[in-house]
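The lines below spell out each chain.
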Amino acid sequence: MKQPRALTAVTLVAFVLGILLVMQLRAQDSVGGMEQLSAADLTVLIANLNDRNNLLRAEVADLEADLRAIEASGASGQGNVGRLQADLTRLRLWAGLDAIEGRGVVVAIVGPITADAVNDLLDELRLAGAEAIAVAGVRVVPGATVAGTPAALSIEGVDLGRAFEVHAIGSPQALQAILDRSGGIVSRIAVGQPDVSLEVVPSETALRLPATERDLTPDGATPRL
Amino acid sequence: MGQPVVSAVTGRLRRVPGWQWTFAVALLALGFLIAVQLGAEGPRVRYSSSERPPLLETARELDAAQAALQERILSLRDQIAAAEVASAGNDQAVTDLNEGLAAARLAAGLVEIEGPGIVVRIDDSGLPVPPGEAAADYLVSASDLRDLVVELWQAGAEAMSVNGERVVETTALTDIGSSILVNSAYLQPPYDLSVIGPEGLYDRLTTSPGFIDLVRTRVQDYGLELGFLPSDAVVVPAFAGAVSLTQGRPEATPVPAASGAPAAPGQPAP
């Protein structure tokens, strides 16, 4: 092979090499991106993002109204007392700092359920929009998790025993629908843990959930202003 | 006997022109890159259909809108907190309420905080998926993240976020295809859990049976990547979501909290 032909061949290979290298780097960048989702997954994602954005828009509207009210009340601050009190009440209820009541569902569990299954159940309740949850009368807040072996589960030092109830405040229909759906947590537990019975019942009357006893203020952390 | 053969081969190799060596190396690199390119199609599958482009565009728009709304919420909360302090004046009742609100916001996770702790990173497996095995097993799932979050709480974590999403009372983790939603925010791997907690958090986490089981079944068996970075200044961002109640309200008569007593289900209100 003559020298110029060799040079052409090497140039061609180097060119293809360069293209492949760029493709590879781009592929690495986009791994895990939305491009990877199927049409069905994208539809679910859109529904989730849509729901959340609606909630966020409502929150923005509330906050803007709050800000306007503060600015309108001027320097005295007296006009804000009612609004501040309402905000404080709502926030303490939401965070689990105060006892709360409202409609929802009762999940009755009997049998040697695993801690993972109970924590999955709590996650499904949150996904369905639960506003407050209690396990055997213990309010579930960040840090309060179910632990232990199936025969000896506990939460926040409270033994759960063989039979206990999970109470969740939220739309009873939405909560029951997500738990009882095909492939949902109830059917998964029925398949994976046949010795466990799990029944979801919408509450006839308002459920009352206690405040947490856990100190939710981080000890070693400082607010970043 | 072997000496003449070796000499013949060496002599022949010496006669190969330099450009042929260059060509051979380039072809080798080409083959390697083609193999890598094909391998990259492994766990995460690309989909193509005519209905996807508009869905993809909508999802991207909603995701961008969500980021903007979150930013607006955080900005408004900051403005409100500042305006409340400024408007309190000499009114003791207002001052007390403002102090109560500041404490409640901190406890509820609505304030960005900084403190000692660890950053835990978990990422999809880099291993090729063997034929016949489920590609999803080689990806981080919501269940993996949930297990890690639970183990971190049990090890004493005081505050936590996943890729910037604060874990609060209402936080749910759920799978969407090969990605995960946290607080309904769309997250992609790698997942960084920023955790603030007391000294010994790392030791308690890594010696817990649940965590050891997670490492054995997901990291060792499927090659998920797990790493830790201890730090004296871990930043956990504020929750940028809605703090709303539609069913919940203050109870009419206070109920005492459970205090180590045997399991007692919540009681129906009168």
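Source: prediction; values computed, not measured.

Caption draft 1: Inspection of the overall build of chain B at higher detail. Along chain B, the regular secondary structure elements total seven helices and nine strands. For chain B, with 270 residues in total, the buried portion stands at 37%.

Caption draft 2: Representation of the sheet that holds strand β6 (residues 185–187) of chain B within the structure. Residues and elements named next belong to chain B. Pairing in this open sheet of three strands is antiparallel, and the strands run β4-β5-β6 from one edge to the other. The strands lining the two open edges of the sheet, one partner per strand, are β4 (173–176) and β6. Put simply, the sheet's adjacent strands are angled 35° from each other on average, direction ignored. The sheet contacts of helix α5 (residues 142–154) involve β4 and β5 (179–182), and relative to β4 the element is tilted by about 160°.

Caption draft 3: View of helix α3 (residues 52–87) of chain B. Helix length check: α3 of chain B (36 residues) gives 52 Å between terminal C-alpha atoms against 52 Å at 1.5 Å per residue, within 8%. Of the residues making up α3 of chain B, those classed as buried are Leu55, Ala59, Gln66, Leu69, Gln70, Ile73, Arg77, Ile80, Glu84 and Ser87 of chain B. At its buried positions, α3 of chain B is contacted by α2 (39–73) of chain A together with α4 (92–108) and β6 of chain B.

Caption draft 4: Fine view of the sheet that holds strand β9 (residues 197–202) of chain A. Across the sheet, five strands lie side by side as β4-β3-β8-β2-β9 (chain A); this open sheet has antiparallel pairing. Since the sheet does not close on itself, it has two edges, and those belong to β4 (138–139) and β9 of chain A, each with one partner.

Caption draft 5: Seen up close, the interface of chain B and chain A. If you look at the interface, chain B gives 110 residues, while chain A gives 116 residues. Sorting the residues of the side of chain B that touches chain A by element identifies α2 (18–40), α3, α4, β1 (113–123), α5, β4, β5 and β9 (249–250) of chain B as the ones contributing at least two each. Per-element tally for the side of chain B that touches chain A: the top contributor is α3 of chain B, with 21 residues. Classifying every residue of the side of chain B that touches chain A by side-chain character gives 63 nonpolar, 29 polar and 18 charged. Note: strand β1 (residues 100–102) of chain A against β9 of chain B, two bridges, orientation antiparallel. For isoleucine 100 of chain A, the partnering residue across the bridge sits in β9 of chain B and is proline 250 of chain B.

Caption draft 6: View of the pairing of strand β2 (residues 159–162) of chain B. Residue and element names in this part refer to chain B. Both faces of β2 are covered, namely the face carrying Ala159 and Ser161 and the face carrying Met160 and Val162. Sheet topology places β2 next to strand β3 (residues 165–166); two bridges connect them, and they run antiparallel. Pairing of valine 162 across the sheet is with glutamate 165, part of β3. Hairpin geometry of β2 and β3 is characterised by an intervening segment of two residues between the two adjacent antiparallel strands and by a positive phi of about 45° at asparagine 163.

Each value, and the rule that gives it
- Residues numbered from 1 in each chain as written.
- Chains lettered and ligands numbered in written order.
- Predicted model: local features only at pLDDT ≥ 70, side-chain atom pairs only at ≥ 80, totals over all residues.
- Helix = DSSP H or I, 4+ residues; strand = E, 2+ residues; numbered from the N terminus.
- Buried ≥ 20, exposed ≤ 12 C-beta atoms within 10 Å, placed from the backbone.
- Pairing = 2+ DSSP bridges.
- Axes fitted to C-alpha atoms, helices over the stretch in contact; angles between N-to-C directions.
- Contact = placed C-beta atoms within 7 Å.
- Expected span 1.5 Å × (residues − 1).
- Nonpolar A, V, L, I, M, F, W, Y, C, P; charged D, E, K, R; others polar.

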